[in-house]
Each structure stands twice: as structure tokens, then as C-alpha cells.
Amino acid sequence: MTVRKQPTDRFWEIDTLRGIAVCMMITYHLFFDLNYFGVYSMDLYSLPVLLFLYPIGTVFLLLVGISLTLSYSRAKQTHTKAQLRIKYLKRGSGIFGLGMLVTLVTWVYPHDGFIVFGVLHCIGLSILLAYPLISSRALAFLVGVLCIGLGVFLQNMVTVDFPWLLWIGFVPRQFYTLDYFPLLPWFGVVLIGISLGNTLYQNNTRRFKINEYSHNPVSRLFCFLGRYSLLVYLLHQLLIVGLLYVFFLR
């Protein structure tokens, strides 16, 4: 079953899923900040918290891959191959640059556990590395599974005494950071998202049937958050910390 959409349309289900992940992220960071500032103590490494935490990053990075295929499907109709390479070079570099800004800000405050290679670093570099596989299904899936397998192995079986390869997944002893998304395994999740995107959406066309809920008030809220997820990510911690300061930390 094929449902046609105009090339400029967004797929509401993608924005909704991203918006749900944004709400989960805000919820987790609220409890993290409550614990960090001593307002409310909880075990952030308990199984229930980890089962809530890991799907957030997984959904975000899967959607990065799916969104890359949708963007590429639209852009290739109006861009040359050289222009496409420049487009995604700029996009990946720009997001990676925002990640470096986060590194700088967290190095100034709170400094302890400042973010060296967080989710924005991972997304930016993944966009650059994934471009050769952006039209692939089988190969992107196979390489993605390999990356995830290697990442799980590195994080559970290998520790090193140097920090230079932590962006790949080699974790130094006593390493602590507030946000860590190494390429292994998370680049693999992006690649699986690319495989899914090329399977579920082709030529900017949805290849499956779905009921239309884009005008539902709840869906519209999630779509809004999902559409502006990068801005929400950059600003939500400032808002949370500001509110905690007003109500609890003065």
C-alpha cells in the first residue's frame, strides 16, 4: 500500500516519535538535575531508570537515520551530487559544531563530567560518515549491526589508559561524563535508521498504511516538539536549572 505525499510535506509520525523522545529526555534530565543538585535523591543507574534512558537515545538516533533518507530523497530532485555532498557536509559539521559548543559550556559549568563526545557530536559525525550509505538498505543494516556488536564488546570488555579514542568507544579508566554517545555502538543505530528509512519510505513516499492523526491535539503537540527538537535540546536544561534555582536552590 502506497500513500502519496507532496515532496515538501513532513511525515507526522516521524515528528511525533521524535516529540515523544523529547518529552522522555526532558523527564530524565529533570530527575537527573534533581539528583545532581541534591533536591531529590535517586539511583540513576538502577534497572528501571536505565530501561527508561536507553530507548531515548535509540529512538533519537534511529530517527536521525530515517530523516536522512527522507531529506536525501527530496534533495536529490533539485541538487547535483556535488551539491548533495556539500549539503550534508555542512549539516553534519554544523551539528558537530553545536556539540563542541556544549563541550565548552559544560567545561565552564559544571566542569565536573563535562561533555566530551555527547549526542550532538555523535549525530554530527554520523551524518558525515553515513553519507556513502544514505541510499542503502542491506549494507547499511549489516554495517549497523556490526557497529552495535563492536560497541557492546568495547563497553563491556575493553578499558584503556588513554582518552584519544573515546569518541569511537574505547572508554578510559575512571572516565566520567554527563553525556556519552560514542560512534560504537551509536553510529550503528543511525545506519539501521537509514536502512529502515529506505525500506519504509521511498522517493519521499510512505510505503505503508497508517491512520491520519496529525490533527489530533496530542499528536500536534508532539509534532511541534519533534519539529524543533534541536532547539528544545539546547534550551531545556537552562529552563530546568532556572526553575530549580527559583524554587529550590536559592
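Here the structure is a predicted model, which means the values were calculated and not measured. (Residues numbered from 1 in each chain as written. Predicted model: local features only at pLDDT ≥ 70, side-chain atom pairs only at ≥ 80, totals over all residues. Heavy atoms only, no water.)

**Student:** Quick question: what am I supposed to make of the side chain of Ser73 here?
**Tutor:** Relative to the assigned elements, Ser73 resides in helix H2 (residues 47-75). Ser73 gets classed as buried once you look at its relative accessible area, which sits at 6%. A polar side-chain atom of Ser73 sits 2.7 Å from the main-chain amide nitrogen of Asn204. (Helix = DSSP H or I, 4+ residues; strand = E, 2+ residues; numbered from the N terminus. Buried < 20%, exposed > 50% of the residue type's maximum accessible area, 1.4 Å probe, protein only. Polar contact = N/O pair within 3.5 Å; in protein donor to acceptor, adjacent residues only side chain to side chain.)

**Student:** What is the right way to read the pattern of salt bridges from this model?
**Tutor:** It is possible for side chains bearing opposite charge to pair when their charged atoms get close. Enumeration according to the criterion identifies five salt bridges in this entry. When the shortest N-O distance is used, the salt bridge between Arg18 and Asp15 registers 3.1 Å. In this pair, Arg18 and Asp15 are both assigned in helix H1 (residues 12-36), three residues apart and thus about one turn of the helix distant. Residue classification places Arg18 among the buried residues on the basis of a relative accessible area of 11%. Ionic contacts of the salt-bridge type, sharing partners, join the residues Arg10, Asp15, Arg18 and Arg227 into one network. (Salt bridge = Lys/Arg side-chain N within 4 Å of Asp/Glu carboxyl O.)

**Student:** Sorry, what's going on with the packing of H1 against helix H8 (residues 229-249) here?
**Tutor:** Any two packed helices are characterised by the angle at which their axes cross and by the distance between the axes. Contact pair H1 / H8: the axes reach a minimum separation of 10 Å and the direction vectors enclose 30°. In terms of orientation, H1 lies roughly parallel with respect to H8. The two elements H1 and H8 cross, and the hand of that crossing is right-handed. Contacts between H1 and H8 involve Arg18, Val22, Met25, Ile26, His29, Leu30, Asp33 and Leu34 on the former and, on the latter, Ser229, Val232, Tyr233, His236, Gln237, Ile240, Val241 and Leu244. (Axes fitted to C-alpha atoms, helices over the stretch in contact; angles between N-to-C directions. Parallel < 35°, antiparallel > 145°, perpendicular 65-115°, else oblique. Left-handed = near helix turned anticlockwise from the far one by under 90°. Contact = heavy atoms within 4.5 Å.)

**Student:** Is there a simple way to think about the environment of Gln202 in this case?
**Tutor:** Looking at the element boundaries, Gln202 is found in strand S1 (residues 201-202). Separated by 71 residues in sequence, Gln202 and Tyr131 have C-alpha atoms that sit 17 Å apart. Those residues in contact with Gln202 that sit more than four places away from it in its chain are Arg137 and Arg207.

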